[in-house]
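Here is how the chains run, residue by residue.
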Amino acid sequence: MQLNRLRHLDLLEPTEAGRPLFLAAASGLVSIGDYLYVVADDENHLGIFLRNQPTPGRLFRLLKGDLPDHPKERKAHKPDFEVLTLLPTFGHYPNGALLALGSGSKKHRHRGVLLGLAADGAINTSPLIIDLSPLYEKLAEHFADLNIEGAFVDAYLNLLQRGNKAVDSQNACIRLDLAQALTALTERQSLGSELVLAIHSYDLGAVAGVPLCFTDATTLPDGSWIFSAAAEATDNSYADGELMAAALGVINTQGELVNLTVLDNRYKIEGVSAKVEGNSVHLLLVTDADDPNQAAVLLETHLNGYPFHT
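Figured I'd write up the structure that's included with this text.

1. Focus on the overall build of the chain
When helices and strands are counted, the chain shows three helices and 22 strands. Its C-alpha atoms give the chain a radius of gyration of 18 Å, near enough to 19 Å, the size a compact globule of 310 residues would have. Long-range contacts, defined as pairs at least 24 residues apart, comprise 53% of the intrachain contacts of the chain with a sequence gap of at least 6. Roughly 12,700 Å² of accessible area belongs to the chain as shown, and the carbon and sulfur atoms make up 48% of that amount. Of the charged side chains in the chain, 23 are positive and 38 negative, and the gap between their average positions amounts to 3 Å.

2. Some remarks on the sheet that holds strand E1 (residues 4–8)
One open sheet accounts for four strands, arranged E1-E22-E21-E20; its pairing is antiparallel. Either end of the sheet is taken by a strand with one partner, and the two such strands are E1 and strand E20 (269–277). Averaged over all neighbouring strand pairs, the angle between strand axes comes to 25°, with direction disregarded. With eight bridges connecting them, E20 and strand E21 (residues 280–287) associate as antiparallel partners. Its bridge partner lying in E21, serine 273 is registered against leucine 284.

3. Here we look at the nonpolar core
Ranked by internal contacts, the top residues of the largest apolar core, which has 30 residues, are Leu87 and Leu114. Elements supplying a minimum of two residues to this core: strand E6 (81–87), strand E7 (97–102), helix H2 (133–139), strand E10 (148–153), strand E11 (157–161), strand E12 (171–176) and helix H3 (178–187). In terms of residue count, H3 provides more of this core than any other element does, five residues in total. Sequence-distant contacts of leucine 114, that is, excluding residues within four places in its chain, are made with Leu87, Phe90, Tyr93, Ala97, Leu98, Leu99, Ser126, Pro127, Leu128, Ile130 and Leu185. Of all hydrophobic cores here, the second largest spans 19 residues; its members include Leu3, Ile226, Leu248 and Phe308.

4. Section: the environment of proline 14
When you line up the elements, proline 14 lands in the loop between E1 and strand E2 (26–32). Here proline 14 falls in the partly exposed class, since its relative accessible area comes to 32%. The sequence separation of proline 14 and leucine 139 amounts to 125 residues, and the corresponding C-alpha distance is 35 Å. In this structure proline 14 touches Arg19, Pro20, Leu21 and Leu59, once residues within four positions along its chain are discounted.

5. Overview of a nonpolar patch on the surface
A contiguous nonpolar surface patch, about 220 Å² in accessible area, is contributed by Leu257, Leu260 and Val262. Relative to the assigned elements, valine 262 resides in strand E19 (residues 257–262).

6. Description of the pairing of strand E4 (residues 45–50)
Counting buried positions along E4 yields five of six residues, so the element is predominantly enclosed. The sheet contact formed by strand E3 (residues 35–40) and E4 spans five bridges and is antiparallel. Bridge pairing in E4 links valine 39 to leucine 46. If you look at the hairpin formed by E3 and E4, you'll find four residues sitting between the two strands. Bridge count between E4 and strand E5 (residues 58–61): four bridges; the pairing is antiparallel. Bridged to histidine 45 within E5 is arginine 61.

7. Brief notes about the side chain of histidine 110
With respect to the element layout, histidine 110 can be found in the loop between E7 and strand E8 (111–116). Of the residues examined, histidine 110 reaches a relative accessible area of 6% and is grouped as buried. Not counting residues up to four positions away in its chain, the partners in contact with histidine 110 are Gly104, Ile130, Asp131, Leu132, Ser133, Tyr136 and Glu137.

8. Some thoughts on the state of the cysteines
Applying the stated criterion across every chain yields a total of zero disulfides. Unpaired in terms of disulfides, cysteine 173 finds its nearest cysteine sulfur in cysteine 213, a separation of 15 Å. Using a relative accessible area of 3% as the deciding quantity, one classes cysteine 213 as buried.

9. Description of unusual backbone geometry
Residue proline 307 is reached from tyrosine 306 by a cis peptide bond, and omega for that bond is -5°. Positionally, proline 307 belongs in the segment after strand E22 (297–304). One non-glycine residue, aspartate 80, adopts positive backbone phi at about 60°. Along the chain, the position of aspartate 80 falls in the loop between helix H1 (71–77) and E6. Judged by its relative accessible area of 3%, aspartate 80 is buried.

Calculation criteria
Residues numbered from 1 in each chain as written. Predicted model: local features only at pLDDT ≥ 70, side-chain atom pairs only at ≥ 80, totals over all residues. Heavy atoms only, no water. Helix = DSSP H or I, 4+ residues; strand = E, 2+ residues; numbered from the N terminus. Rg over C-alpha atoms; globule rule 2.2 N^0.38 Å. Contact = heavy atoms within 4.5 Å. Areas by Shrake-Rupley, 256 points an atom, 1.4 Å probe, with all protein chains shown as cover. Lys, Arg positive; Asp, Glu negative; His and termini not counted. Charge placed at Lys NZ, Arg CZ, Asp CG, Glu CD. Pairing = 2+ DSSP bridges. Axes fitted to C-alpha atoms, helices over the stretch in contact; angles between N-to-C directions. Core = buried A, V, L, I, M, F, W, Y, C linked by side-chain atoms within 4.5 Å. Buried < 20%, exposed > 50% of the residue type's maximum accessible area, 1.4 Å probe, protein only. Patch = residues over 30% accessible without salt bridge, like charges linked within 9 Å, V, L, I, M, F, W, Y side chains within 5 Å. Salt bridge = Lys/Arg side-chain N within 4 Å of Asp/Glu carboxyl O. Disulfide = S-S within 2.5 Å.

As structure tokens, then:
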């Protein structure tokens, strides 16, 4: 599979004084209309890029305040937005909304942000802060090392737990009641444990003894979903590790892994957007190099053979 590099995720202005003019740790991607929305796990801002123009991206603030510039201090205080997904029409959001979620790996990463959209896909509301603690505290009873890294919507709101090398770690898809979740977002500005309907674990295999683990996903029109994954040599959700490989795969409507393409270790893919074009799926991908001095990139590729079967 050939990955084509489209651009660096460079910015018109830095997120904070002294910061570089790019996003480094891109971790979630939504494509809607002319807009590409990107969250980075070490920022309090959302990046907004134009799909068909190489101009630098704009920033949209998600949380108040600045983060420390020193890498270790920044890592300790960052909100760790690892998830960005598109929600359908609901409540006060006639054109749907963007939902960014913290990973849940630390207490201060139990926040989300909800952003309403206009008909053309532009953001048209102020950020609404979402309390994820009731849900994440319940999930932490099931996962020894909670680390929510992706989400997608079908008949449910699905969250992806990213595993690691630890023996008690696991990849999983957490199925939430979508209707109740949308109501909770607008009425309570929180997500609770009562939303959890099912948890399905997945073994994606390993590269050089390091397990492949979910980093993001998006749904396809037939109800299957396509995911990105990384084999990163770490045994916890906090520390980064050597990247052994990335991967792209498909899970069908029965929850079965039906396609897995292992890639090399040039790019840690952390965000994915998909559009079906005949029997091919056009993919846009964003990356995190785990290096604050290296710009994240936007990639594209195609996955042939849609709809995918066992």
